[in-house]
Structure formats: structure tokens, C-alpha cells
Amino acid sequence: MSVAVRTVLGDVDPRLLGVCDAHDHLFLRSPQLPGQELGDASAAQAELNVFRSVGGGSVVQWTPYGMGRRVADLPLLSRSTGVHVVCATGLHQAAHYSPELLESLRGGLAEVFVTELTKGVGPSGVRAGIIKVAGGFHGLDAHARWTMTAAAEAHHTTGAPIAVHLELGTGALDVLDLLCGELGVEPHRVILGHLNRSPDLVVHRQAADAGAYLAFDGPSRAHHATDWRMPEAVRALAEAGFGDRLLLGGDTVVAGARSVDGGPGMPYLLRRVRPRLAVELGEELVGRVFTENPAKAFSVEWR
């Protein structure tokens, strides 16, 4: 077994990721976001080209099963732009799916995840490189426990990291109690997303001390309310010795948030967020957060 990041073009040496947007979306569709779908391949290519032009090397797309991933389009986008792309399997909150679709997955969810990680997503042959699941607001409902249990089973089978949507940034410790305490996932295989939305420095430190990766993955226009607290939270973690636990991403979830459509988009992460964080952390540590940390977080001894 060799350590590799599983991209849409195949397994690559983690050192080749370059500067990584550790949580973003090229394509996304949900009944919770009617009329705001990320579904335009030309816009996705333009966004990746701009991201590449400001120094971006890789993007991890957290769009899971059944939410318009358009996996078959991702290899062409990666080749044409020169940006490595990692896609996700997994399942989001129940509100993003029809009851009929969820019922069709009962009894076989872990198998779906394993198949997409090892054989490919549908007929595309493109393999996922992470498992995306989601918690609820300050807790875990039955759906979250079901999906996380399946994710843990798929992780134990494949080694894939588990990326977790934290609703409004909450519930991090509940997630770790379930995934790591009950289900046996090693904490360094868990990536907690959206922590910037709940800037509780004590919880952040507890999650980092447990060994999880912490993703500060904004801004987008819909999620900017606590962005001004993010540098403070990141600095506090770095000063506590957890600089190696930090990840950064853009999390562009609606069309209007793309830079090519007038929003901040992926390039904002490098044009504005990176120099702002360099003031707090210094350029050397920020460089490691964008390169070394994602290379470790998303690399796997694939089974």
C-alpha cells in the first residue's frame, strides 16, 4: 500500500496537491437552494482557471451523493485547468433528499460509499477521495447517526477520510464522540467543517486536541456573519500548538458566490484570506496550512 490522494484523474502523490482549497464546490444542487444551483460546467472551468491563476493547485469538492456532483465532468475540468480535483461520496442532511431516495439507500449505504471510493461513481469510473456526512444544529439526529455509521464502516474498509458538515459550526464534540468514541475512526481521519460559523475557541481547542482536522471554510455570501472572527480563532489554535490541524476552504455553494458571477469565489481564498491570515500567523505557517496540512489530511493508505 502506498499513501496517495485519490483525485478524479487517479491517485497522486500528496506533495503534488500544491496550494489546496480544502472545501469547495464546483457543482451542487439541492431543494434547499432552488434556483441557485451550481450546474454550469463553463462557469466551473472559468472559476478553476482564475483559482489557478492566483496560485491554486487543488480543490476538494465536498458535494456528496445525490446533490448534482456531475462527476463525469470533473476529469475534463481537472485536465483543462491543471487543478487537481478530489470528489466526495457520502450523504448530506435528510432535507437535501427526497424520502424515496433515502429509502432506496436503506440497508446498503456503506456499500454505496465503498463502491464509489474503490470502483467509481456510476458509469463514470471516477473514484471519490473522501466521505462527506453532516451533523445537525448542536446535535445528531437519527439520519446523522445512520450516515455517520455507514461512513465509519466505509472508512474502515477503505481508509478514506470523513469530512463533516457541522450545522452552523456546532456539534463538533458530538461528532467526535460518535465517529471516534463509538465507531472507532481515528481522529486524524476526521475533518470538521464550518468551524468559522461558531467561533467557540474552547470547543475548537478541544476538537483539535482530540486529533481532528479543523476546516475554516468560508466565506461565501450566505455564510459571512462570523468571518471577521476567523483570523482570531485560527491564531488561537496556532498559538496553542495546533497549526498542523488547520485547513482552509472557500465553500462556494451557490452560483452567485462564484467569482465569475460577481461573488468572492475560490480565488478570494488566496487573494484576500491568505494575506489577512499571514498578518496573524506569519507567511510560513499559512503556507503550511494551504499545502502540508491538506496533503496529510486527504492522503490515505488506500485499502
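Above this text sits the structure in question.
For every chain, the first residue of the written sequence is number 1, and numbering continues from 1 along that sequence. Restriction of local features to residues with pLDDT of at least 70 applies here, the model being predicted, together with a cutoff of 80 or more for giving and counting side-chain atom pairs; totals for whole chains, interfaces and linings are based on all residues. The side-chain figures draw on all heavy atoms in the structure; neither hydrogens nor water molecules are used.

*Asks:* Is there a simple way to think about the side chain of Thr-81 in this case?
*Replies:* Among the structural elements, Thr-81 can be located in helix 2 (residues 74-81). Each polar contact in these results corresponds to two N or O atoms within 3.5 Å; when the atoms are within protein, one needs to be able to donate a hydrogen and the other to accept it, and residues that are neighboring in sequence are counted only if both atoms are side-chain atoms. Reaching out from Thr-81, the side chain makes a polar contact with the backbone oxygen of Leu-77 at a distance of 2.7 Å. In terms of polar contacts, Thr-81 uses its side chain to reach the backbone amide nitrogen of Val-83, at 3.4 Å. A contact between two residues is defined here by any heavy atoms of the two lying within 4.5 Å. In contact with Thr-81, not counting residues within four places along its chain, are Gln-45, Leu-48, Asn-49 and Arg-52. Where helices and strands are cited, they refer to DSSP runs of H or I of at least four residues and of E of at least two residues respectively, numbered from the N terminus.

*Asks:* In this structure, what is going on with the environment of Arg-189? I would like to understand it.
*Replies:* Within the element layout of this structure, Arg-189 appears in the loop between helix 6 (172-182) and strand 9 (190-193). Counting along the chain gives 30 residues from Arg-189 to Gly-159, while the straight-line C-alpha distance between them is 8.3 Å. Leaving out residues up to four positions away in the same chain, Arg-189 has contacts with His-155, Gly-159, Pro-161, Ile-162, Lys-296, Ala-297, Ser-299 and Val-300. A distance of 2.8 Å separates a polar side-chain atom of Arg-189 from the backbone oxygen of Ser-299.

*Asks:* What's the story with the pairing of strand 9 in this structure? I'm lost.
*Replies:* The two faces of the sheet receive side chains in turn, since in a regular strand these alternate between them. Buried, partly exposed and exposed residues are distinguished by accessible area as a fraction of the type maximum, computed with a 1.4 Å probe on protein chains only: under 20%, between the cut-offs, and over 50%, respectively. The alternating pattern of strand 9 places Val-190 and Leu-192 and Ile-191 and Gly-193 on opposite faces, both of which are buried. Two strands pair if DSSP finds at least two bridges between them. Pairing between strand 8 (residues 162-165) and strand 9: four bridges, direction parallel. Paired with Ile-162 across the strands is Val-190, a residue of strand 9. The pairing of strand 9 with strand 10 (residues 213-216) spans two bridges and is classified as parallel. Note on strand 10: the bridge partner recorded for Leu-192 is Leu-214. Once you follow strand 9 into helix 7 (residues 201-210) and on to strand 10, the crossover reads as right-handed. The path from the first strand over the helix to the second decides the hand: if it runs clockwise while the strands point away from the viewer, the crossover is right-handed.

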